[in-house]
Amino acid sequence: MDKEQGKRRPGKPAKKYSQAARLHNVIRLLEARYGATVEELAEECQVDRRTVYRDLQAVSEAGYPLLREPQADGRTLYRFLTGFKKVPPINFSLEELMTLYLCRGQLGFLQGTPFQEDLVSIFDKIRSSLSPRNVAHLERISEAAVPRFQGVRDYHDKKEILEKVRRALLFQYRCRMQYRPPRREVQSYLFDPYLLLFYQSALYLGGYSHNRKALRLFLIDRIQDIEILRERFEVPEDFDASDLTGRAFGLIDDRAMNVEARFGAEVAHLIRERIWHPDQSVVENKDGSLTLSFTAAGEREILSWLYSFLPHVEVLSPSALREKFRDGLKQALHC
């Protein structure tokens, strides 16, 4: 006889549950209480511990935000994230589904990450609720917008790290992170992860560094390992994603400068068609060129952007940026 079954109270026969009914009962118990141990769930559902562990895994995989919290007395409590309520089924219009399929194509740079696997699962669930004709129609629509990526990173070797990052973000767990900055030794950071930032087809982890006592961004590529700690943290109510980048033109937030550059008529339409910075101003010149002005930090990123418009760009100010722009051209000619 199974040892767990042998612990049942005398005279109380085992309940005969289907898996669906048993999972419903586990969810009901966890929703009704602050939490429950495996032993308590096994007793309540009249099953062995191994079955409870399988049921808890199934509940988590079904999308319920299940937390596992060790207690001071050695027990482990399982509960749902505070304030969680089961989300009712969501119905999409055909137009909304079309938008989802179009957006899916723009996330091709997530190949090799657990997020890509989640996307596959999401669209499998969507397809399962549609007729074959509608699925085929939406797949044709998705091919109408084809993204093209350059310099895409391969995240296959970071999959395990990204799985830990995802868990830490979902449940607000503090982390111990091993990070290797460029041309430097690996450093250890005690870190509260607030968000994932997507920039130029790369993933960055942003949050609060206890070592630096400040907000920091870390490139996922350079994270060597992450340990999820038992300690939880709270994201400040006044936190905003822009707090991580300040007035940076890209991601590097150093000394802000007043940038002014003139773009020739040959590329003026490319500048005119996009917003390059929130506080930019544009002046149209009589010769068809235009002058773009903005205040931003990140000298290296600004220079890289300006070089992409050669030979139809002239840096007007500040003088220090103009000099570095010219020095960079001279250096390139002598390489």
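Residues numbered from 1 in each chain as written. Predicted model: local features only at pLDDT ≥ 70, side-chain atom pairs only at ≥ 80, totals over all residues. Heavy atoms only, no water.

> An account of the environment of Q200 is requested, with residue identities and associated values reported.
Inspection of the secondary structure assignment puts Q200 in the loop between β4 (187–199) and β5 (202–209). For the pair Q200 and A20, spaced 180 residues apart in sequence, the C-alpha separation works out to 44 Å. (Helix = DSSP H or I, 4+ residues; strand = E, 2+ residues; numbered from the N terminus.)

> Could you give me a rundown of the pairing of strand β8 (residues 257–263), with the residues and numbers involved?
Remark: a regular strand shows side chains that alternate across the two faces of the sheet. Going residue by residue along β8, you find M257, V259, A261 and F263 tucked away on one face and N258, E260 and R262 left uncovered on the opposite face. Across 7 bridges, β8 lies against strand β10 (residues 290–296) in antiparallel orientation. What sits directly across from N258, in β10, is T295. Bridge analysis of β8 against strand β11 (residues 313–317) gives 4 bridges, and the strand direction is antiparallel. Counterpart to F263 in the pairing with β11 is V313. (Buried < 20%, exposed > 50% of the residue type's maximum accessible area, 1.4 Å probe, protein only. Pairing = 2+ DSSP bridges.)

> I'd like a description of the pattern of salt bridges, backed by residues and values.
Within the structure shown, the criterion is met by 15 salt bridges. Its salt-bridge partner being E39, residue R49 comes within 2.7 Å of it at the nearest N-O pair. Of the two residues, R49 sits in helix α4 (residues 49–61) while E39 sits in helix α3 (residues 38–45), which places them 10 residues apart along the sequence. Residue classification places E39 among the partly exposed residues on the basis of a relative accessible area of 42%. The salt bridge involving E117 is made with K159; its shortest N-O contact spans 2.3 Å. Of this pair, E117 sits in helix α6 (residues 114–128) while K159 sits in helix α8 (residues 159–171), placing them 42 residues apart in sequence. (Salt bridge = Lys/Arg side-chain N within 4 Å of Asp/Glu carboxyl O.)

> Could you give me a rundown of the nonpolar core, with the residues and numbers involved?
One finds M177, L203, L205, I220, I223 and I226 to be the most contacted residues of the largest nonpolar core, which totals 40 residues. Here the element with the most residues in this core is β4; it accounts for 6 residues. With residues up to four places along the chain from it excluded, the contact list for L203 reads F109, L110, T113, Y155, L162, L197, F198, F218, L219 and I220. (Core = buried A, V, L, I, M, F, W, Y, C linked by side-chain atoms within 4.5 Å. Contact = heavy atoms within 4.5 Å.)

> Talk me through the sheet that holds β10; I want residue IDs and the actual numbers.
The 4 strands lie next to each other as β9-β10-β8-β11, forming an open sheet whose pairing is antiparallel. Each edge of the open sheet is held by one strand with a lone partner, namely β9 (281–284) and β11. Averaged over all pairs of adjacent strands, the angle between their axes in this sheet comes to 20°, without regard to strand direction. Pairing geometry for β9 and β10, over 4 bridges, is antiparallel. For E284, the partnering residue across the bridge sits in β10 and is L290. Sitting on the sheet, helix α10 (residues 299–307) is in contact with β8, β10 and β11, with an inclination near 5° to β8. Packing against the sheet, helix α11 (residues 319–333) makes contact with β8 and β11, and its axis sits at approximately 145° to β11. (Axes fitted to C-alpha atoms, helices over the stretch in contact; angles between N-to-C directions.)

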